[in-house]
Amino acid sequence: MHELISVIWGDDIPSSARNIIQKYIGALRRLIEPGLPFRDHGSFLRRHGDSYSFTGAPDILDLVLFRQLVATARAETAGHRPKAALDSYVEALALWHGPAGDGVVYGTGATPIFAAIDDDYYDACVAAADLAVSLRRPEPVLRALQTAASAAPFHEPVQAALIRVLGAAGRQADALSVYRTVRDRLAEELGIDPGRPLEEAHRSVLGRPTAAPAEPPVTAASALVGRARELAVLRGVVGEARGGRTAVGVVEGEPGVGKTMLVEEAAAEAAGHGALTVWGACLPGDGTPALWPWEQALGTVVDSLPPSSQEKWRASDLGRLLEPRDDDAPAGPGGSSQFRLFELVVAVVAQAAAQRPMLLVLDDLQWADTASLRLFGHLAGRLPGGCAVIGILRDRAPLPGSDLAGVLAVAGRVPGHRRIRLGPLPAADVAELVRRETGRDADAEVARTIHARTAGNPFFARELARMFVDDAASVAAGVPSTVRDVVRDRVESLDDSARDLLYLGAVVGRDIDLGLLARAAAVEMPDCLRRLQPSLALGLIESRRDDPAAVRFAHDLVRESVLETTPAERVPRLHLAVADAWELTHADDESAVEPLAYHLWAAGPLVDPGRAATALIRAGHRAAVKFAFEAAAGHLRSAARIARAAGLPELELSALSTFTVVARRQASYVGPTVDLVERAAHLATRLGRYAEAADHMYVRLNAAYFSGERDRSRWAHQLADLGRSSDDPVVQVTARQAMGLHHWDQGAIGQAYLSFSGNDYYTIADGVVSRRSELALRRDIPPGGGPGWHAVVTALHGDPGTAFSFLDAWDEPGNEVVASIWVYYTAMIATMAGDLPAARRAVERWTGENLAEVNAERSHYVRQYWHWVRAHAHGDPASAAADAERHLAATLLDPPRWGIAYHQSLIAEMWLTAQRPHEAAAALGRATAALDEHGQRYAEGHVLLMRARLLLASGEPGTAVRAAAQRARDRSAARGAHLFARRAERLLDGLGPDHGR
């Protein structure tokens, strides 16, 4: 429901939105089934909880039918049956009457949905046009091409296809008119010339040849040597985009092997043919802002659009990435909000690629942060037509991490994927490289020596060739064996002022803003430029053609070598100078928060610790705003360490409190995270901030239950002691809640019910937020554990109806975090009660609203409940039970998580449903062992109940079955678990008089 509301109204949601949606659904039902009575749900649009699903034959929905027909057409084309393929395309295109969602006013949430559907339509139009022209049957596709061209006035492949079809139909005048109209539109509104598809279509109408242009020869003006085969592959990648299709390329190799230079050559050719080329570069170091390469690339993409579109995208959630805002705050849970941001990226790329072919390059992926890699993988899998993506990475120094390897695996499954591993240059190419670098031919012995010393690495060879100019003998004797030695020698040749400025530039980064560098060095700009000249002359740094106000190191390895030569005692002072310059030159720039924090951190003891910690806290918040939670956690851990070492408890607590919020968003309760939460609780208590201390203790208690710690009860007792000594109602409620969890863990359900019953969770939620108002991240995190466990204990105490009502009243449609918690607790209670409809409703909401993205850990448990629903409703309980066993072993047993005994008992119930008592007995044995090993005896009543059912299924004597059922009933009742007691009573009632009487 919340997705429909977001798509239709965006941020301007009326108070009656839900009622309007229901009215629309009713109208749709009667449109599909005209004779449907009022308020009848019909056969196709069915409601499941707070969501709707469409069930019906594929031909009921025109979009499904369209996709089936296109798939058939592609298969016919692959099978060399062009006439049949064209017939399928014509039938598919006849279903369209305009762009998807035409006439609907929708928010930014709908943009990627309709854009992706339109892309499928445009791709089909272009493919159909190619077939129609080749078969000399243009008329069947002409109307569809006119409709598509009207809907996509800047989509050059579609416009080119229409021109070709009109020309093939003998309507040359109309074709030329379309060309002139599109050409003028591109010039007036975008300021660009027609790309290659339009120009070729134009020539075809004029009767001129449209043969592909010859590959440009490599001349002395080109820096690229060799690589003809690899360049041809990249030309093919770019050619796919220019043809309206998609392609993904990956170029990898050792540092200095020429990866970027190769792609630059291909990109220059693409730009020469009218393609939009977009670059983003990842940078090493913790000071790089999260999603930095995408901030660069997407700014160029948006700038290529018409002014009205630029304004729209900058006002959307994409603007968080393009232009930091003063009111930035997290828009929702990490996984789902990040997904929506990524879909906006797909949509804006699709709009730009519809205007002209696009090549998007991301350089140095080995330095990319986690969020940037996820976005690369997401875009590669959802790449719109007319766009090619190329990623460049080192295959060593550093080795690709697991995140990068995962993204490369995803990209490798994309159709049109090409992967190029650049190796060393052969000796002949090294000789040519030396000739170009030095301006003279090197004799064969020198070329062989350089090739041997550099192993054919172009960067090493180029550096040694430069030294050959000065001293030919040094190539064979006394020349450094690595590029770092080469760079070190060059650095030593600089005078003190030039060398000091180069050291400072290396601290700034590979790309150096000249204004920042001058301010950090405390020199005027002319003096700064004068001092840089020797480094420019030596090739250590180079000017940037795209930005005259910046320079860059010639290669990452050059910068790394300079950093290695920088005296260690000077490095902190250099970082401090850069940090001071950042504050002065970027005072109001939110994008500067993260690099500023990094430089202050790197300045170490030279910086006031309060300043450094405050900057790191801001950087953590900034990273979290962009959903880069790993980077946020790193900033906040550093802030806490600095504040603690400096004896700044208030600042340390601020960092730890924000860190706890980020940890909750990641559902991360392991290792160092737990230690920091403990520290936060201790610190808050010491400072007399008892409400905050209670909050942190409660998080720590949940972590203890989550990981099954043996001494977890101590956290509950500490909270109870705090509650007894405090008159703060927030502390008291949290303490009662903690003791409720403790009693629940011990299996004392009656006592747990008394602890939970008096709590007002809305009060505590408001109380915590008001006491922690400085933490903007805190506002969208619901109390969750309190109401949820209250509902569970209420159900176990014998009143599942009230428990469900409590959760339903607390539910908040449109809030994915609350929805995920509602599903989690509702499904848990439903499986405890044996309530199949309620459990099914919960897990269907989980899948229907894609809530697994919200909390991965919670998803493990919901998946177990889903297997339980399958076992009872889908006709194959044995398969469901086996899947549940595998899932439990893979996710909850090593290391052990909470609830093992209960979930083993649920698996036993599934095996009993499958009439497999042997497997059920094994699962119950594991459940009993888990009770003894891990505690959490709330599950004991369920285990005893399943034990009685096992005896019944195994054909044991009636007296044994009845005795086991009575034991389950009596033990559960004594512990206050009346839900299990009543289920045992129903089992006894069903035994009949012939079972042990």
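Look above for the structure.
Because the structure is predicted, anything quoted here is derived from the model rather than measured.

The rules behind each value
Residues numbered from 1 in each chain as written. Predicted model: local features only at pLDDT ≥ 70, side-chain atom pairs only at ≥ 80, totals over all residues. Heavy atoms only, no water. Helix = DSSP H or I, 4+ residues; strand = E, 2+ residues; numbered from the N terminus. Buried < 20%, exposed > 50% of the residue type's maximum accessible area, 1.4 Å probe, protein only. Contact = heavy atoms within 4.5 Å. Areas by Shrake-Rupley, 256 points an atom, 1.4 Å probe, with all protein chains shown as cover. Salt bridge = Lys/Arg side-chain N within 4 Å of Asp/Glu carboxyl O. Axes fitted to C-alpha atoms, helices over the stretch in contact; angles between N-to-C directions. Parallel < 35°, antiparallel > 145°, perpendicular 65-115°, else oblique. Left-handed = near helix turned anticlockwise from the far one by under 90°. Nonpolar A, V, L, I, M, F, W, Y, C, P; charged D, E, K, R; others polar. Pairing = 2+ DSSP bridges. Expected span 1.5 Å × (residues − 1). Phe/Tyr/Trp six-rings, centres within 6.5 Å; stacked < 30°, edge-to-face > 60°.

### As for the overall build of the protein
Item 1. Summing up its helical and strand segments, the protein has 47 helices and 10 strands in all.
Item 2. For the protein, buried positions account for 54% of its 997 residues.
Item 3. A sequence separation of at least 24 residues applies to 67% of the contacts in the protein between residues at least 6 apart.
Item 4. Surface summary for the protein: the accessible area is close to 41000 Å², and the carbon and sulfur share equals 52%.

### So, the pattern of salt bridges
Item 1. Tallying each qualifying case throughout the model produces 43 salt bridges.
Item 2. The partner of Arg-937 in a salt bridge is Glu-940, and the shortest N-O contact between them spans 3.5 Å.
Item 3. On the accessibility criterion, Arg-937 (27% relative accessible area) is partly exposed.
Item 4. For Asp-970, the salt bridge goes to Arg-969, with nearest N and O atoms at 3.0 Å.

### Re the packing of helix H10 (residues 228–242) against helix H11 (residues 259–272)
Item 1. Packing of H10 against H11 brings their axes to within 10 Å, and their N-to-C directions diverge by 45 degrees. Between H10 and H11, the angle is such that the two are oblique. Considering only the axes of H10 and H11, their crossing is right-handed. Of H11, the residues touching H10 (which contributes Glu-230, Leu-231, Leu-234, Arg-235 and Val-238) are Leu-262, Val-263, Glu-265, Ala-266, Glu-269 and Ala-270.
Item 2. Across the contact of H10 with H11, the residue classes tally to 7 nonpolar, no polar and 4 charged.

### Comments concerning the sheet that holds strand S8 (residues 511–513)
Item 1. As summarised here, the arrangement of the 3 strands in space is S8-S10-S9, forming an open sheet in which the pairing is antiparallel. Taken across any chain shown, the strands that pair with only one partner, and hence form the sheet edges, are S8 and strand S9 (541–543). Averaged over all adjacent pairs, the angle separating strand axes in this sheet is 30 degrees, with direction ignored.
Item 2. Strand direction decides the pairing type here: S8 and strand S10 (residues 550–553), joined by 3 bridges, are antiparallel. Paired with Ile-512 across the two strands is Val-551, which belongs to S10.
Item 3. Each of S8 and S10 is contacted by helix H23 (residues 514–521), which is oriented at about 70 degrees to S8, the strand it contacts most.

### Focus on helix H7 (residues 156–168)
Item 1. When the terminal C-alpha atoms of H7 are compared, their 18 Å separation across 13 residues agrees well with the 18 Å that a helix rising 1.5 Å per residue should span.
Item 2. Within H7, 11 of the 13 residues are buried, which leaves the element mostly enclosed by the surrounding structure.
Item 3. Two residues or fewer past H7, Gly-170 is found with a positive phi of approximately 80 degrees.

### A closer look at the environment of Val-733
Item 1. Along the chain, Val-733 turns up in helix H34 (residues 729–746).
Item 2. Along the sequence, Val-733 and Ala-694 sit 39 residues apart, while their C-alpha atoms lie 9.5 Å from each other.

### Thoughts on the packing of aromatic side chains
Item 1. Going through the model one piece at a time under the given rule, you end up with 10 aromatic pairs.
Item 2. For the pair Tyr-824 and Tyr-861, a centre-to-centre distance of 6.1 Å together with 75 degrees between the ring planes defines the contact as edge-to-face. Taken together, the positions of Tyr-824 in helix H39 (residues 816–833) and Tyr-861 in helix H41 (residues 856–873) put the pair 37 residues apart, joining distant regions of the chain.
Item 3. Owing to a relative accessible area of 7%, Tyr-824 belongs among the buried residues under this scheme.
Item 4. The buried category is assigned to Tyr-861, whose relative accessible area is 2%.

### Focus on the sheet that holds strand S5 (residues 358–363)
Item 1. A sheet is described by the order of its strands in space; here 5 strands give the open sequence S4-S5-S6-S3-S7, paired in parallel fashion. Of all strands in the sheet, those with a lone pairing partner are strand S4 (276–281) and strand S7 (417–421), marking the two edges. Neighbouring strand axes in the sheet, compared pairwise and without regard to direction, differ in orientation by 15 degrees on average.
Item 2. Summarising the sheet, strand S3 (residues 246–253) and S7 pair through 5 bridges and their orientation is parallel. In the strand pairing of S7, Glu-252 is matched with Arg-421.

### What to know about helix H46 (residues 958–974)
Item 1. Over its 17 residues, H46 extends 24 Å from the first C-alpha to the last, a length consistent with the 24 Å expected when each residue adds 1.5 Å.
Item 2. Buried residues in H46 make contact with helix H45 (940–953) and helix H47 (978–991).
Item 3. A positive phi of about 85 degrees marks Gly-976, the residue just after H46.

### Notes on the packing of helix H26 (residues 571–585) against helix H27 (residues 593–602)
Item 1. Two elements in contact, H26 and H27, have axes separated by 7 Å at closest approach and are oriented at 150 degrees. Taken together, the axes of H26 and H27 are roughly antiparallel relative to one another. In this structure, H26 crosses over H27, and the sense of that crossing is left-handed. Where H26 abuts H27, its residues Pro-572, His-575, Val-578, Ala-579, Trp-582 and Glu-583 lie against Pro-595, Leu-596, Tyr-598, His-599, Leu-600 and Ala-602.
Item 2. Per-class residue counts for the contact of H26 with H27 are 9 nonpolar, 2 polar and 1 charged.

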